[in-house]
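# Geometric and topological summary
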Amino acid sequence: MAAQAEPTQAERDAQKLYWLEHSSQPTVEAMMLDSKAAEIDQLERPEVLSTLGSVAGKRVLELGAGIGRFTGELAKTGIDRFTGELAKTGIDRFTGELAKTAKHVMACDFMEVSIAENRRQHEALGNVSFMVADVTELEQEAGAYDVVFSNWLLMYLSDAEVKALAAKVLRWLAPGGVLFFRESCFRPSGDRPRKGNPTHYRNPRDYFAMFDGAELVSADSSSSCHLQLVCCKCVDTYVTVKKNQNQICWKFQKVETPHPRPPLYRTFLDTQQYSDASIALYEAVYGRGFVSPGGQRVSQQLLDSLELQPGMTLLDVGCGIGGNAFLAADTYGCHVHGIDLSVNMILVAIERAAAAIASSRSSSGGGGGAAAAAANGSSSSSGNGVISPRQQQQVPHDVTFEVADVLTRDFQQGSFNVCVSRDSLLHVQDKQALFSRLFRWLKPGGRLLVTDYCQPSTADFSPSPGFAAYIAKHRYSLLSVEAYGQQLAAAGFAEVQAEDCTAELIATLEAELAGLQAGKEEFTAKFSADEYEVLTLRWREKLARAQAGEQRWGKLTAVKPLQ
């Protein structure tokens, strides 16, 4: 995170002047600074509130409440009925939304004109209070709220102010309470001109660093409270309307753990197997955008087999750094939602999607297609060397990304036409529970495709010391190909095909090892001679295990029955 000076009065004054200019007309259009404000407003409210979850009977603090796009809605009706209610009422932005089910909503904003409009619209609800206050100076009682909600607030605070607010929010929340915030990252999203802009368009990594670091230690130092990530995702509306992945929301929950807090599994992934350095090494072997055997070549073959059509929705479980998701969106015109537990990998994917948008805006004519595709983490051509029409047009990808645990995240029944997972379920312990969830999320007739490392099917299989050490180091959970098929059938899938593709894995590993050896000079110049030796040794060991029949590779396909 870039170093930033302590907050100054000049910073606060600049923010107030900015909002004095843009609050003179307290309307949605003025607040959002976008020509598509009305369309976006109607689509994103139900999405944001669905991600937040029910606030029925809860005490809500809304920071940066503005004119009240959400507040009243949360005080009036159930979140589960929100979409229908919104379609019928078309009511104002957030304060109204928040007040629909909550026990009480405290709407706070530092602009008097905004709070006055909010009060005019929502005071009659009876369960909303209004406060003009600067959040950097705000103090509330410990445990006073079940939910703290903000929408486009933190980007108007300095880094030091955000860190201080994170610590205060942790105190204000009751045990199990939820923090939800949404911010513009990387760059502005609105297309309306503005005079000056003091906004901090941060990299999402900065928000993770600031909120992961918040901790409240008990008086006897035996336990501590911190903010545990529930999910972090792109706001789908902006991808749908503007092909823009830079609108990102976070949902955290206040949890108590022994002190010092135990390391998170996602932290293990991000500091070990999927550190930034490890991701770069994977890409040196598999190709830009890919962290699975065969890279784009194998992904293209697998996607081709699914008979994807424009307009389909595809869930990419364990999407990594986005190569497979970008490829599916580019080549077949699908909307792809990628989910992964690794913050590092998802943020690489989001950063590259953001870079593609910048590339498409700055390029003109037909000369930038390959550059735009490269910025997105995939090559400029499909597996047969033909540049797709979407790539030729430099259309930013129809892809959304999310950091979440697939065993705790939920989607509505029948949300997806296709579900794909490339070599990632080895990180999931309870695969049977996952397959039941994937079955529910697929539409009737929806298709599932999984590739993964596997172990032999013999009942008395015991891994060699080297293989056992490999599994333990990465915390893998492996099944046999046959066991995978059985679990898919038990989850309700039909037309289950469980194919042992270890011979293809061997050929792929041999080709990848040969590529490493042929590019040794280039590799060592970019990385180091030591890393070259370590990586080639890893590939030789993996190849030896596959040739011995110990480390296997399975391809699983299945269909959700129509009835």
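Residues numbered from 1 in each chain as written. Predicted model: local features only at pLDDT ≥ 70, side-chain atom pairs only at ≥ 80, totals over all residues. Heavy atoms only, no water.

### Remarks on the overall build of the chain
Across its full length, the chain holds 23 helices and 15 strands. The proportion of buried residues among the 563 residues of the chain is 57%. Pairs at least 24 residues apart make up 78% of the contacts formed inside the chain by residues separated by at least 6 positions. (Helix = DSSP H or I, 4+ residues; strand = E, 2+ residues; numbered from the N terminus. Buried < 20%, exposed > 50% of the residue type's maximum accessible area, 1.4 Å probe, protein only. Contact = heavy atoms within 4.5 Å.)

### Digging into the confidence of the model for the chain
For the chain, per-residue confidence averages 86 on the pLDDT scale, and residues scoring 70 or more make up 84% of the total. Per-residue pLDDT stays below 50 along residues 77-92; that stretch engages in 39 contacts with residues further than four places along the chain or on separate chains. Between residues 364-394, whose pLDDT stays under 50, and residues either more than four places distant or in other chains, the model counts 59 contacts. (pLDDT = per-residue confidence, 0-100.)

### Details of the pattern of salt bridges
Taken as a whole, this structure holds 20 salt bridges when the rule is applied. Residues Asp-159 and Arg-202 are paired through a salt bridge, measuring 2.7 Å at the closest nitrogen-oxygen approach. Within this pair, whereas Asp-159 is found in helix α8 (residues 159-172), its partner Arg-202 is found in the loop between β5 (173-184) and α9 (204-212), the two being separated by 43 residues in sequence. One exposure class covers both Asp-159 and Arg-202, and it is buried. With its nearest N and O atoms 3.4 Å apart, the salt bridge here joins Asp-236 to Lys-233. With relative accessibility at 22%, the residue Asp-236 sits in the partly exposed group. On the accessibility criterion, Lys-233 (3% relative accessible area) is buried. (Salt bridge = Lys/Arg side-chain N within 4 Å of Asp/Glu carboxyl O.)

### Quick notes on the side chain of Asp-398
Mapping Asp-398 onto the fold places it in the loop between α17 (389-392) and β11 (399-404). Although Asp-398 is buried, it makes no salt bridge; Lys-243 carries the closest opposite charge, 4.6 Å away. Among the polar contacts listed, one links the side chain of Asp-398 to the side chain of His-335, at a separation of 2.8 Å. (Lys, Arg positive; Asp, Glu negative; His and termini not counted. Polar contact = N/O pair within 3.5 Å; in protein donor to acceptor, adjacent residues only side chain to side chain.)

### Considerations on the nonpolar core
Grouped together as the largest cluster of nonpolar side chains are 104 residues, with contacts concentrated most on Leu-63, Leu-154, Leu-179, Tyr-207, Phe-211, Trp-250 and Phe-401. The dominant element in this core, judged by the number of residues it contributes, is helix α15 (residues 343-362), at eight residues. Setting aside residues no more than four positions away along its own chain, Phe-211 makes contact with Leu-154, Val-162, Ala-166, Leu-179, Phe-181, Leu-227 and Phe-252. (Core = buried A, V, L, I, M, F, W, Y, C linked by side-chain atoms within 4.5 Å.)

### Observations concerning the packing of aromatic side chains
Overall, the coordinates contain 22 aromatic pairs when judged by the stated rule. Aromatic pair Phe-326 and Phe-401: ring centres 5.5 Å apart, planes at 75 degrees, arrangement edge-to-face. Taken together, the residues Phe-326 in helix α14 (residues 323-332) and Phe-401 in strand β11 connect sequence positions 75 residues apart. With respect to class, Phe-326 is no different from Phe-401; both count as buried. Ring centres of Phe-467 and Tyr-470 lie 6.1 Å apart, and the angle between their planes is 20 degrees; on these two criteria the pair is classed as stacked. (Phe/Tyr/Trp six-rings, centres within 6.5 Å; stacked < 30°, edge-to-face > 60°.)

### So, the environment of Arg-45
Examined against the element boundaries, Arg-45 turns out to sit in helix α3 (residues 37-52). Arg-45 sits in the buried class, given a relative accessible area of 0%. For Arg-45 and Phe-70, which are 25 residues apart along the polypeptide, the C-alpha to C-alpha distance reads 7.4 Å.

### As for the pairing of strand β10 (residues 335-340)
Among the six residues that make up β10, six are buried, leaving the element largely enclosed by the rest of the structure. Of the two faces of β10, the one lined by His-335, His-337 and Ile-339 and the one lined by Val-336, Gly-338 and Asp-340 are each fully buried. Looking at chain direction, strand β9 (residues 313-317) and β10 are connected through five bridges and run parallel. The residue of β10 that forms the bridge with Val-317 is Ile-339. With five bridges joining them, β10 and β11 adopt parallel strand pairing. Bridged to His-337 within β11 is Thr-400. (Pairing = 2+ DSSP bridges.)

### Points about the environment of Leu-227
Tracing the chain through its elements places Leu-227 in strand β7 (residues 223-234). Here Leu-227 is in contact with Leu-170, Leu-173, Leu-179, Phe-211, Asp-212, Ala-214, Phe-252, Gln-253 and Lys-254, once residues within four sequence places are set aside.

### Some points on the packing of helix α18 (residues 431-441) against helix α20 (residues 481-490)
A pair of packed helices is captured by two measures, namely the crossing angle of their axes and the spacing between those axes. For the pair α18 and α20, the least separation of the axes is 9 Å and the interaxial angle reads 45 degrees. As far as their axial angle goes, α20 and α18 are oblique. Along this stretch, α18 crosses α20, giving a crossing that reads as right-handed. Contact residues: α18 offers Lys-431, Gln-432 and Phe-435, while α20 offers Tyr-484, Gln-487, Leu-488 and Ala-490. (Axes fitted to C-alpha atoms, helices over the stretch in contact; angles between N-to-C directions. Parallel < 35°, antiparallel > 145°, perpendicular 65-115°, else oblique. Left-handed = near helix turned anticlockwise from the far one by under 90°.)

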